[in-house]
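# Secondary and tertiary structure notes
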Amino acid sequence: KGMSQIPWMVVVLSFLVTGQFIVDKDLPDVWHLAFGSCNKHFLPSPIWDGILQFHPDAWLWLGDAVYNDERVFLHIFQATDLATMKEKFNAQREIPGYAKLRNQTKIFGIWDDHDYGINDGNVGYEDKIESQKLFLDFLDEPSDSIRRKREGIYASYTFGQSNRQVKLILLDMRYFSTEQGPDGDILGETQWQWLQSELDSSTAQITIITSGTQIIPNDKPIQEKWANFPKSRKRLFQIISDSKNLESSCCQETFTMLRCSSTHATCDTHFTKSHQAE
């Protein structure tokens, strides 16, 4: 059915390896979003050929576009200098398949810890201001972009017209994040207020909220995730559930994917259930 018949809905994408989102496959002007994360720029990258064959209208980085820090042992990493970070971003930009994608489609993105600069990095990362500039340069972010004029890289974009709109909300879980724990805050109050405003003012039929860290899973003992910030996770679900533009939605169903699994949750119960993706 046409997108005008689709109820208001919100979709949460977090920490995805690679995938695609198609607004309406039956319409000739279908909008395609391709997305990916956890990219090892120093390894062979045949995946870009497959992505190019998909002809996406936009490519979305969901975190760890490159690994700027260096592994010391297992989950122990050390930060590198800014010059090395710039070299790694440039190396990814020069991969032929990705360079071709940059020339053919729009590139959007958020960071996670490794492209931010340090494993599990948060508000205390000392090079975060310089890192923000490097990351936005990597994305070819315009010089007059609001993302270059404020702290953090959170942003929103709306695609389509009238009753066929998709809103893309990119959350920054690093720049303002405190230490993990019962009282930890992953977004910071300024970003929380911005998110509330973005949802309340939205006219889109589909809203996609993105996070470089897993939002829904709460059964991963080692990985960073929103469940390590229980107040923030609860607040996010509540904001989505209470949003005046989503209150008539049948899509208080949100989902995330990691590797080859998907996780679903309802905003009112926060119940989670995992499935293996086809």
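Counting restarts for each chain: residues are numbered from 1 in the order of the written sequence. Given that this is a predicted model, residues contribute local features only at a pLDDT of at least 70 and side-chain atom pairs are listed and counted only at 80 or more, while totals for whole chains, interfaces and linings are drawn from all residues. Excluded from the side-chain calculation are hydrogens and water; included are all heavy atoms of the structure.

## Some details on the nonpolar core
Inside soluble globular proteins, nonpolar side chains tend to come together where they are buried. Going by this rule: Here, nonpolar core means buried Ala, Val, Leu, Ile, Met, Phe, Trp, Tyr and Cys residues that are tied together by side-chain atoms lying within 4.5 Å of each other. When accessible area is computed with a 1.4 Å probe and restricted to protein chains, residues below 20% of their type maximum are described as buried, those above 50% as exposed, and intermediate ones as partly exposed. Only DSSP runs of H or I covering at least 4 residues are called helices, and only runs of E covering at least 2 are called strands; the numbering of each starts at the N terminus. Pairs of residues are marked as contacts when any of their non-hydrogen atoms sit within 4.5 Å.
Within the largest apolar cluster, 63 residues are counted, with the highest numbers of intra-cluster contacts made by Trp59, Trp61, Tyr98, Leu171, Leu195 and Trp226. A total of five residues in this core trace back to one element, the largest contributor, which is strand 4 (residues 58–62). The contact partners of Leu195, leaving out residues within four places of it in the chain, are Ile169, Leu171, Leu187 and Leu236.

## Some details on helix 6 (residues 189–200)
For an α-helix the count is 3.6 residues per turn, leaving residues at separations of three or four pointing the same way. Selection rule: A helix is expected to reach a length of 1.5 Å times the quantity of its residues less one. Working note: the arc is built from the helix axis to C-beta atom directions.
Spanning twelve residues, helix 6 covers 17 Å between terminal C-alpha atoms, matching the ideal 16 Å at 1.5 Å per step. Those residues of helix 6 lying buried are Gln191, Trp192, Trp194, Leu195, Glu198 and Leu199. One face of helix 6 carries all of its buried residues, which in axial projection span an arc of 160°. Buried residues along helix 6 sit against strand 8 (155–159), strand 9 (166–170), strand 10 (206–211) and helix 7 (230–242).

## Thoughts on helix 2 (residues 82–93)
Basically, it comes down to this: In protein, a polar contact means a hydrogen-donor-capable atom and an acceptor-capable atom, both N or O and within 3.5 Å, with residues adjacent in sequence counting only if both atoms are side-chain atoms; elsewhere, any N or O pair within 3.5 Å suffices.
When the terminal C-alpha atoms of helix 2 are compared, their 17 Å separation across twelve residues agrees well with the 16 Å that a helix rising 1.5 Å per residue should span. Along helix 2, the residues classified as buried are Met85, Lys88, Phe89, Gln92 and Arg93. End-on view of helix 2: buried residues confined to an arc of 145°, all on one side of the axis. Residues of helix 2 that are buried make contact with helix 1 (47–54), strand 4, strand 5 (70–73), helix 3 (96–104), helix 4 (113–116) and helix 5 (128–138). The backbone nitrogen of Ala83 lies 3.1 Å from a side-chain oxygen of the residue at the head of helix 2, namely Asp81.

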